[in-house]
Structures are given as structure tokens and as C-alpha cells.
Amino acid sequence: MMKRKRYRYLYRLTLIIFLMLALPVILITWFFWNRSFEEMRKGNEAYYEKMTESFMNGFNRELTELKDHASRLSVGSRKTDSAFFRGEESFQENAYWYYEAVEELKENANFDISDWGIYYYGIDSVITRSGNRSLKQYVENTLLQDGGDAEQAMHFFSEGNYRQMKMVFATTNTADSHEGKMLAGYCTTLGSGGDKALIFYVIDPQNYKDLWNVGYDEEGVYFYVLNSLTDQVFLAFGDAAGAEELRLEETERTTHGIRQKVLYQSSNSLLPLSFAVYVTEDSLQNNITEFYQNMRLLSVFLVLFLLALCVAALYMEYRPVHRLLAGMENYEEYEGGEFETIQNALHDRSVKIQEQEMLVLDLLVSHLLYGVPVSAGKLERLVAGAPATGYCVYLLEGHVLLSSEASQFAKEAEKQFSARLFVTDLQEEDQNVIIAFLKEANAGELEVWMEGRFRERFVSDYSFYPGKVVESPDEIRSSYLYCCEKKKERETKLTLELEDQKAQQSRKEQQKKKRDEILAYLEAHYRDTDLSQTQVADAFQISSYTLSRMFKSQVGIGFTEYVNAKRLDYAKELLLTTSYSIREISILSGFGNDNYFSRIFKASTGVSPTRFREG
């Protein structure tokens, strides 16, 4: 629990950086890639759908031209100058008529297909531009010379398929190969006798290359013409050698976890044909998907890199705080986050320093007034830093430095002369005793500096008596007495005694009066959060040391203990009679810092404020 509280600032900093930097980048990256790929996928599907529609329309136009050609041939056969005028009768009587028929077929060959001709059902004769053969001969020797399904081809020419003005279709494909040709036939009648005939056309994929050239140039895209009733492949454009491996019923495929549409189909409403475009894994679509997948992985690495930068930034930002905490003693005892811990530690350190200064002053004052020996070892423990090389006492009479002025005065002296000053007013007399712990042989410079500061500070008359520099703490009193001797030289002994008697009587009265005033002041202001010993001392123009001694001698407890006791009594009343929070009660009772309030309350009562309220 303590460790979690200790790293509260780190947790907040991590959350802020993640929410303000990493999270928006992750969301934007995710949205950009998914949105852009979705748009790209839709555009890609629209492209293939348009390609399928274009392929169907182009093939339908070609079939329409073939149908129109067959119609024209049928109509022309009824003219007397046509080789087909007498129909089957001509071919049964004289082969010369067959020669004219072949020549007429050649003259009508104004389109690009592998082969075309006429099959007469009545005489079992197939007439093409290359000659006249029986149906079996034509199928086996010409139509299927590159392989194919003979039964399927023979069924195409079957009279059972005949229906006048009807288009019929078949293929030479086998069950395991789509490399065959497509057969398109037009059932009609020829000649003056109206003989039943089938005008047929043999379509090779290469004949209609212009129809699928755009799509075929794209690797991995196959085009198919199918029987819309049975899904039999009539014609395959593209890499027909691998077509048998395709599954035309597979409309979608998942690649790298991404759905892809792979089969695009359109149907002819007038003919039993459908048209399909199949997109394989070697297509541009699949390459785009792989590119997207790679970019997505790259974006993940970029996000991870960004997170690593965030971690590095957190480390650099938090390192000074961590080092500061690590250098503090007993920081585990403090509650709250890192900055609250530092604040409480600094507060406790300030209190400790003030207590040490009070102890030093108490030791020095006892030595100056009563000659109590000064323990050098104890003095060194209380005064931090290197040991002093000399000691000197200065006496300021006529004015008293306020606690805040004395503190600032001591800081400036330490900064400029490396001298540690302790300032007190010695039992509220109208004078200040300044005890200097010297680090360098600069007592003269320090004396000149102090006189200059006093001239700037005080307008009315004052007296300043510098003592002599001594080397031992036990000789500090002699430096003070030297100051007093200088002072006595200006006054007569009688005057001093009378003044001492009056001053003593007056001092007692003033002490009692001032004590009552201070207690009344504290009664009115103990709930102020900014109330401090220094502030009260300044308000009554005495030093913090004198205020502390007055409380111990006349009230029986220290200043801080007295104020805390008043605040705790008021806090207990609020805990039992109001619903204010612990933080609000700490502020209303004058503590200000709820952690400090809780520690003081528990030290006084043995329980926390919350437990005290619960009873």
C-alpha cells in the first residue's frame, strides 16, 4: 500500500503521457489504416465488378454478331443464287454444289473465330470452310484434334437440341480441364425446302482476346463463360492450365485475417450464360492486402517505438524525483504521493532545524547569563557544517531585531562571510545579542558590515558593541562580558542598578501583560493556517526564542504544543458535531496539511481522526 502511494506521481505522469500522446497516435493510426484499406478494398471490388460487367457486355456483343450472321445466312439461303437454295437435295445430288457451298462459306467469314459451319440434321453432313465431312469425322478429326469430351461435342449437334431460332451452347472441355473451346450454335432452316440445320461457331479464347486483354494483363485474374443452369465452364480466359485448381463456388477468401471477395459474376437474361471473374492469390488484390498487412505491422512497430520513447521520457522526467526520494531518510513513514512526501519531509526538517537552533540558543544563553559550561561536542552536533575557527559576541542596544529580520540577517552573513549567527534578545531586554560562529578570520569585515546594516535599518539612536574574538566555545561568555564592559563604561554603576531594579519590576509586569496579550491573540487566531511562532513573535516584537521560553516558564508547555492542543480540541468538536471531511476539518482547525493533522491527532489521542469520529 505504501509503495503504491509512493509512486502516485509516476502513475499520474504515465497516464497523462499515454492519454495525451500514445493513445491518440494509436487511435489515429488504427483509424487511418482501417479506413484507408476499407476504401481501397471497396474500390478494388468495384473495379472487378466493372470488369465483369464489361466482359459480359463485350461477349454478348460478339454472340449477337454471330446470331445476326446466322440469321443473314438463313435468309440468304432462300435466294435462288445461294448455294444453299436447294438445301440437302443439292448435296445429295452433286458434289459440285458442295464446292459452291464451301466457297460461299468462305465469302461470309468476316469475323474472327476458330471455325464455323453448317450441320444438316437430315443428311448427317457438316460443311465448313475446309470441306464436307460426316459429323463423327468432323468431331474426332477436326473439333477434338487437341483433345476434349467427344460425347459432349456429339450431344451439341444432337437433333434433340433443335429448336428453331434458338441459340445452343456447349464446350469441348473435359471434366478436369478448362482448356477447351466453346461451341455456339444457331438452330434455323436453310434453303427453299426449309431443311433443319445448325449454324455453329467454334470459339477459342484467343479469338476474343480483346475482350479480356485488360484483365488478363493483370496476373492472377481468370475469366469464365459458364452455363448458368449447371455452372459448367464453357470457356476459360486466362491461365486455363491452372483453372482446374480453382473453386468457382468460393465467393470470398480470408488472407492475413482480411476478408477478400474473389468471385464476381453476371448473368445474361436472354441466354443461359453467366460470366465470372475469379481473382487468385497471385492477383494485384492479394498484393495490396499483403502491402496493407506489412504497413499495419510497421505501424505496430512505430507505436511500440513511440511507447518506448514515452517510457524513456518518463524515466528522464521521474529520475530527479526518484533520486530526491532515495536521498531522504525514512521517507516510507510519510503518507501521500511523492511531492506530498517531499513537502512533509521539508516541513519536518524545518521544524527540526528550528528546534536545534532553539537548543543552541538555550545553551548559549545559559552560558552567557549564568556561566554554564558549553559542551563542544554537543555544540558541534547541533550546529551543522564544519567546526568554527572562532567566536565573537556583538551587542545591539536600543532596538530589537524582529525574528524575520534576524533570520534574513543571519542568511546574508552566512552567504557573504561563512559566519553562522545566532540572534536573541536575552529575556526581552531592549537589546539583541548576536553570537557569531566564524569560519574565516574576517571578524573585522563582519563587524563593519553589521554596522552598515544597522545604520540602514534604524533611524533613531542605537548602540553597537563588538566583543573580542575567542577560539573556544567556553570563552564565548568572555566576549559577551567584554561587550557589557564597554556598555558599562558609558553608564554609572548607580544608574545601572536603579535601572536594573526598575527594569526587573517592569519586566515582570510586562511579561505578564504580554503573556496575557499573546494568549488572547492565540485564542483569536489559533485556527489560522498561516499562524506560526515567528509570525506571533513578530506581531509582539519579540524573538521566537523569547516567545518559546515564555511559554515554557509561564504556561508550562511549548508554543507549538499549546497551539496544537487548542487546534486538536476544536478538531475533536468538529469531528463529533459536523459532517466535514478530514481535509476540511484540518483546514478549519488551523493545521492546513491533512497528513500532518492526522499524524498529530493520532500521536495525541492514539487513534486516527476517522476512528475517533466512528467512536
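Quick caveat: nothing in here was measured; it's all calculated off a predicted structure.

Engineer: Got a minute to help me understand the overall build of the chain in this structure?
Structural biologist: In terms of regular secondary structure, the chain is built from 20 helices and 16 strands. Counting across all 615 residues of the chain, residues that qualify as buried make up 44%. For the chain, contacts bridging at least 24 residues in sequence account for 63% of all contacts bridging at least 6.

Engineer: Quick question: what am I supposed to make of the pattern of salt bridges here?
Structural biologist: Proximity of charged atoms lets side chains of opposite charge pair with each other. Counting across every chain of the model gives 12 salt bridges. The partner of Arg-86 in a salt bridge is Glu-89, and the shortest N-O contact between them spans 2.5 Å. Looking at Glu-89, the relative accessible area reads 40%, which means it is partly exposed. For the salt bridge of Arg-129 with Asp-115, the shortest nitrogen-to-oxygen distance reads 3.9 Å. In this pair, Arg-129 sits in the loop between β2 (125-128) and β3 (131-134) while Asp-115 sits in strand β1 (residues 115-120), placing the two residues 14 residues apart along the sequence.

Engineer: Explanation requested: the sheet that holds strand β12 (residues 273-279) in the structure shown.
Structural biologist: Sheet strands associate in pairs through backbone hydrogen bonding, adopting either a parallel or an antiparallel arrangement. Spatially, four strands are ordered β8-β7-β12-β11 in an open sheet, and the strand pairing comes out antiparallel. With partners counted over all chains shown, the strands left at the sheet margins are β8 (233-237) and β11 (263-267), one partner each. With direction set aside, neighbouring strand axes in the sheet form an average angle of 20°. The pairing of strand β7 (residues 221-227) with β8 spans four bridges and is classified as antiparallel. Following the sheet pairing, Phe-223 is matched in β8 by Phe-237.

Engineer: Honestly, the sheet that holds strand β6 (residues 195-203) in this entry has me stumped. Any pointers?
Structural biologist: In spatial order, the strands read β3-β2-β1-β6-β5-β4; together these six strands make up an open sheet with antiparallel pairing. Bordering the open sheet on either side are β3 and β4 (166-171), each of which pairs with just one other strand. The mean inter-strand angle of the sheet, taken between neighbouring strand axes irrespective of direction, is 25°. Pairing geometry for β1 and β2, over four bridges, is antiparallel. Directly across from Gly-117, in β2, lies its bridge partner Thr-128.

Engineer: Is there a simple way to explain the nonpolar core in this structure?
Structural biologist: Phe-59, Leu-63, Ile-118, Phe-169, Met-182, Val-225 and Leu-273 are the most contacted members of the largest nonpolar core, which totals 42 residues. Among the elements that line this core, the one with the most residues is helix α2 (residues 8-76), at nine residues. Ala-410, Phe-417, Trp-449 and Phe-454 belong to the second largest nonpolar core, which has 23 residues in total.

Engineer: So what exactly am I meant to see when it comes to the packing of helix α11 (residues 403-417) against helix α12 (residues 443-457) here?
Structural biologist: Each pair of packed helices can be summarised by the angle the axes make with each other and by the distance between the axes. Interhelical geometry of α11 versus α12 gives an angle of 145° and a closest axis separation of 12 Å. The handedness of the crossing between α11 and α12 is right-handed. Seen from α11, the contacting residues are Glu-405, Phe-409, Glu-412, Ala-413, Gln-416 and Phe-417; seen from α12, they are Glu-445, Leu-446, Trp-449, Met-450, Arg-453, Phe-454 and Arg-457. Considered class by class, the residues forming the contact of α11 with α12 number seven nonpolar, one polar and five charged.

Engineer: Just checking my understanding: could you explain α12 for this structure?
Structural biologist: For an α-helix, 3.6 residues make a turn, and residues three or four places apart therefore share a direction. Compared with an ideal rise of 1.5 Å per residue, which puts 15 residues at 21 Å, α12 spans 21 Å between its outermost C-alpha atoms and is within 8% of the ideal. Taken together, the buried positions of α12 are occupied by Ala-443, Leu-446, Trp-449, Met-450, Gly-452 and Phe-454.

Engineer: Sorry if this is basic, but what is going on with the pairing of β1 here?
Structural biologist: Remark: a regular strand shows side chains that alternate across the two faces of the sheet. Counting buried residues in β1 gives six out of six residues, a clear majority hidden from the surface. On β1, burial covers both faces: Asp-115, Gly-117 and Tyr-119 on one face and Trp-116, Ile-118 and Tyr-120 on the other are all buried. Both β1 and β6 contribute to a ladder of six bridges, which runs antiparallel. Within β6, the position partnered with Asp-115 by the bridge is Val-202. Connecting the antiparallel pair β1 and β2 is a turn made up of four residues, with Asp-124 showing a positive phi of about 50°.

Engineer: What is the right way to read the packing of aromatic side chains from this model?
Structural biologist: Working definition: an aromatic ring pair is given by the centre-to-centre distance plus the angle between the planes. In total, this model carries 31 aromatic pairs according to the counting rule given. Centroid distance Phe-55 to Phe-275: 5.7 Å. Interplanar angle 85°. Geometry classified as edge-to-face. In this pair, Phe-55 sits in helix α2 while Phe-275 sits in strand β12, placing the two residues 220 residues apart along the sequence. Of the two residues, Phe-55 and Phe-275, both sit in the buried class. Consider the rings of Phe-156 and Phe-157, whose centres lie 5.1 Å apart with planes at 85°: the pair is edge-to-face. Summarising the burial analysis for this pair, Phe-156 and Phe-157 share the class buried. Here a set of aromatic residues connected by ring pairs shows up, and it is made of Tyr-119, Tyr-121, Tyr-138, Phe-156, Phe-157, Tyr-162 and Phe-200.

Engineer: Where do I start with the environment of Leu-263 in this structure?
Structural biologist: With respect to the helices and strands, the residue Leu-263 is situated in strand β11. Taking relative accessible area as the criterion, Leu-263 reaches 6% and is therefore assigned buried. For Leu-263 and Val-277, which are 14 residues apart along the polypeptide, the C-alpha to C-alpha distance reads 5.9 Å.

Engineer: Sorry if this is basic, but what is going on with the environment of Ser-192 here?
Structural biologist: Here Ser-192 shows up in the loop between β5 (182-190) and β6. When the C-alpha positions of Ser-192 and Ser-77 are compared, they lie 7.5 Å apart, and in sequence the two are 115 residues distant. Every residue in contact with Ser-192, bar those within four places of it in the chain, is listed here: Ser-77, Phe-85 and Arg-86.

Engineer: What's the story with the side chain of Ser-82 in this structure? I'm lost.
Structural biologist: You can see Ser-82 is positioned in the loop between α2 and α3 (88-93). There is a polar contact of 3.3 Å between the side chain of Ser-82 and the side chain of Glu-104. Among all residues touching Ser-82, those that are not within four sequence positions of it are Gly-76, Ser-77 and Glu-104.

The rules we used
Residues numbered from 1 in each chain as written. Predicted model: local features only at pLDDT ≥ 70, side-chain atom pairs only at ≥ 80, totals over all residues. Heavy atoms only, no water. Helix = DSSP H or I, 4+ residues; strand = E, 2+ residues; numbered from the N terminus. Buried < 20%, exposed > 50% of the residue type's maximum accessible area, 1.4 Å probe, protein only. Contact = heavy atoms within 4.5 Å. Salt bridge = Lys/Arg side-chain N within 4 Å of Asp/Glu carboxyl O. Pairing = 2+ DSSP bridges. Axes fitted to C-alpha atoms, helices over the stretch in contact; angles between N-to-C directions. Core = buried A, V, L, I, M, F, W, Y, C linked by side-chain atoms within 4.5 Å. Left-handed = near helix turned anticlockwise from the far one by under 90°. Nonpolar A, V, L, I, M, F, W, Y, C, P; charged D, E, K, R; others polar. Expected span 1.5 Å × (residues − 1). Phe/Tyr/Trp six-rings, centres within 6.5 Å; stacked < 30°, edge-to-face > 60°. Polar contact = N/O pair within 3.5 Å; in protein donor to acceptor, adjacent residues only side chain to side chain.

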